[in-house]
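Fold and contact review
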There are 2 protein chains.
Amino acid sequence: MKNFKEAKAILFDIDDTLFPSSRFSSLARKKAINAMIKAGMSATYANASAALLKIIKKHGSNSPHHFDFLAKKFKCKNKARCIAAGVHAYHCAKSSFHPFPGTKKTLSLLRKKYIICAASEGKALKQWDKLIRLRLEALFLQVFVSELRHGGKTPAFYKKISKKLKIPPKKIIMLGNSPQKDIRAAKAAGMITIHILHGKNKQKCGSNARISKISQLSRLL
Amino acid sequence: MKNFKEAKAILFDIDDTLFPSSRFSSLARKKAINAMIKAGMSATYANASAALLKIIKKHGSNSPHHFDFLAKKFKCKNKARCIAAGVHAYHCAKSSFHPFPGTKKTLSLLRKKYIICAASEGKALKQWDKLIRLRLEALFLQVFVSELRHGGKTPAFYKKISKKLKIPPKKIIMLGNSPQKDIRAAKAAGMITIHILHGKNKQKCGSNARISKISQLSRLL
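Residue positions within a chain follow its written sequence, with the count starting from 1. To label them, take the chains in the order written and letter them from A, then take the ligands in the order written and number them from 1. Where totals are concerned, whole chains, interfaces and linings use all residues; where local detail is concerned, this predicted model gives features only for residues with pLDDT of at least 70, and gives and counts side-chain atom pairs only at 80 or more. Excluded from the side-chain calculations are hydrogens and water; all other atoms, namely the structure's heavy atoms, are used.

Residue and element names in this part refer to chain A. Two rings from Phe, Tyr or Trp (for Trp, the six-membered ring) form a pair when their centres sit within 6.5 Å of each other. Planes less than 30 degrees apart are called stacked, planes more than 60 degrees apart edge-to-face, and all others tilted. Per the counting criterion, the structure on display carries 12 aromatic pairs over all chains. When the ring of Phe19 is compared with that of Phe97, the centres are 5.0 Å apart and the planes differ by 40°; the resulting orientation is tilted. One end of the pair, Phe19, is in the loop between strand 1 (9-12) and helix 2 (21-38); the other, Phe97, is in the loop between helix 5 (79-94) and helix 6 (103-110), and 78 residues separate them in sequence. Across the pair, exposure class does not vary: Phe19 and Phe97 are buried alike. Look at Phe67 and Tyr90: their rings are 5.8 Å apart centre to centre, the planes differ by 65°, and that puts the pair in the edge-to-face class. Highlighted residues: Phe67 in helix 4 (residues 66-73) and Tyr90 in helix 5, separated in sequence by 23 residues. Here a set of aromatic residues connected by ring pairs shows up, and it is made of Phe19, Phe24 and Phe97. By definition, any uninterrupted DSSP run of H or I lasting at least four residues is a helix, any uninterrupted run of E lasting at least two residues is a strand, and each is numbered from the N terminus. When a residue's accessible area, from a 1.4 Å probe over protein chains only, is under 20% of the maximum for its type it is buried; when over 50% it is exposed; and in between it is partly exposed.

What follows concerns helix 5 of chain A. With 16 residues, helix 5 of chain A ought to run about 22 Å at 1.5 Å a step, and its terminal C-alpha atoms sit 22 Å apart, in line with that. Of the positions making up helix 5 of chain A, those classed as buried are Ala80(A), Cys82(A), Ile83(A), Ala84(A), Ala85(A), Gly86(A), Ala89(A), Tyr90(A), Ala93(A) and Lys94(A). On its buried side, helix 5 of chain A packs onto helix 2, helix 4 and helix 7 (124-133) of chain A together with helix 7 (124-133) of chain B. A helix's residues, less one, multiplied by 1.5 Å, set its expected span. Note on contacts: a residue pair qualifies if any of its non-hydrogen atoms lie within 4.5 Å across the two residues.

Let us now look at the pattern of salt bridges. Take a side-chain nitrogen of Lys or Arg and a carboxyl oxygen of Asp or Glu: if they are within 4 Å of each other, that pair is a salt bridge. Applying the stated criterion across every chain yields a total of 14 salt bridges over all chains. Note that Arg149(A) and Glu147(A) form a salt bridge whose closest N and O atoms lie 3.7 Å from each other. Look at Arg149(A) and you get exposed, because its relative accessible area is 67%. In this structure, the salt-bridge partner of Lys153(B) is Asp182(B), at a minimum N-O distance of 2.5 Å. Placement of Lys153(B) in the loop between strand 3 (142-146) and helix 8 (155-165) and of Asp182(B) in helix 9 (residues 179-188) is noted, with a sequence separation of 29 residues between them. Both residues of the pair, Lys153(B) and Asp182(B), count as buried. Each of Asp13(A), Lys153(A) and Asp182(A) takes part in one network of salt bridges that share partners.

Printed below as a string of structure tokens:
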């Protein structure tokens, strides 16, 4: 495709694009629940797991108090011990974060030719924490994070990036796994889009290309 | 000494008694500052270090926002990146926490004969986090933490522990490094006291015994 050749910059989504965030989150939560039960929380794994999902839904995935609410829900006798055990297990699991295979190599190659940035949604501090844990932070020229209270990833967010980089949208590629946030919104801003088929949403969504692995970028560009 | 032989329970202070907390905190802060400078904070190590000490003094050592204030003070252009780098480096350093030599072995031996508890001051969640990181949490029958807003380690705190354990104060040994909080306050509650000579405060303070290593307990008891 012709427009790929004219691209000057590539934006990468972070969660479930650079690393399997959903898989890691669910693993970390599982470890945390087991640690809390071991530390004295009176609950079966199934009950605690269902309760935690409800808590996350109610308070948002970025709340720092998930395990406090869980300890309260199951009336832990020693709340501090249970919460500390949960947080510790969660962080230990998080320290095993690693990127999808080939990610670091591909980014290292691409940055010789393109401006490489991250474009994600959530809390800036948390997104940076992920890039640092993944040891990818030095590869990005800039990291753009749209907080949810500012609307998340909208066409306006992508237009702002284009302005900041001083590169027209049509010369910017956005790569991500979310049909709505990564593909349709970036397309509406006039960008070239690549859908990476990680996670659930694999249906066609109008992207300029579809890949299943980040390493396939080298063949496309 | 006769009264040691009648003891039924031993209470252990945590910070600078079970592990070199001051040394680890200062190492972790050093690593955090260096990481923040590397991530783009415009400050010399000396300036940042002095500023951080002031921040800790002003907001208390338990504030979760030390690095936010530091990033603000030095007007970091990319605050989220600098703070995330600082927090990450701090946590990595913390994961190298380990107890003073012989601590685990001594506690394991003593718990065959005595009721072993921890008695500390600060945030319950943080103190539990330390015991979990030190892998000592399973050795204690109970962990008592007096939050600072409840007065910290006062004679009343020690009297409450004695009531909870249903053991008279004169049959409880308190071991710690702080002349005021661990020795004088426990003594005022009627407990037997052992001063462990870690850190700065090594002057005599009326304790029933003085040791320089936790392993020396085995000879005393």
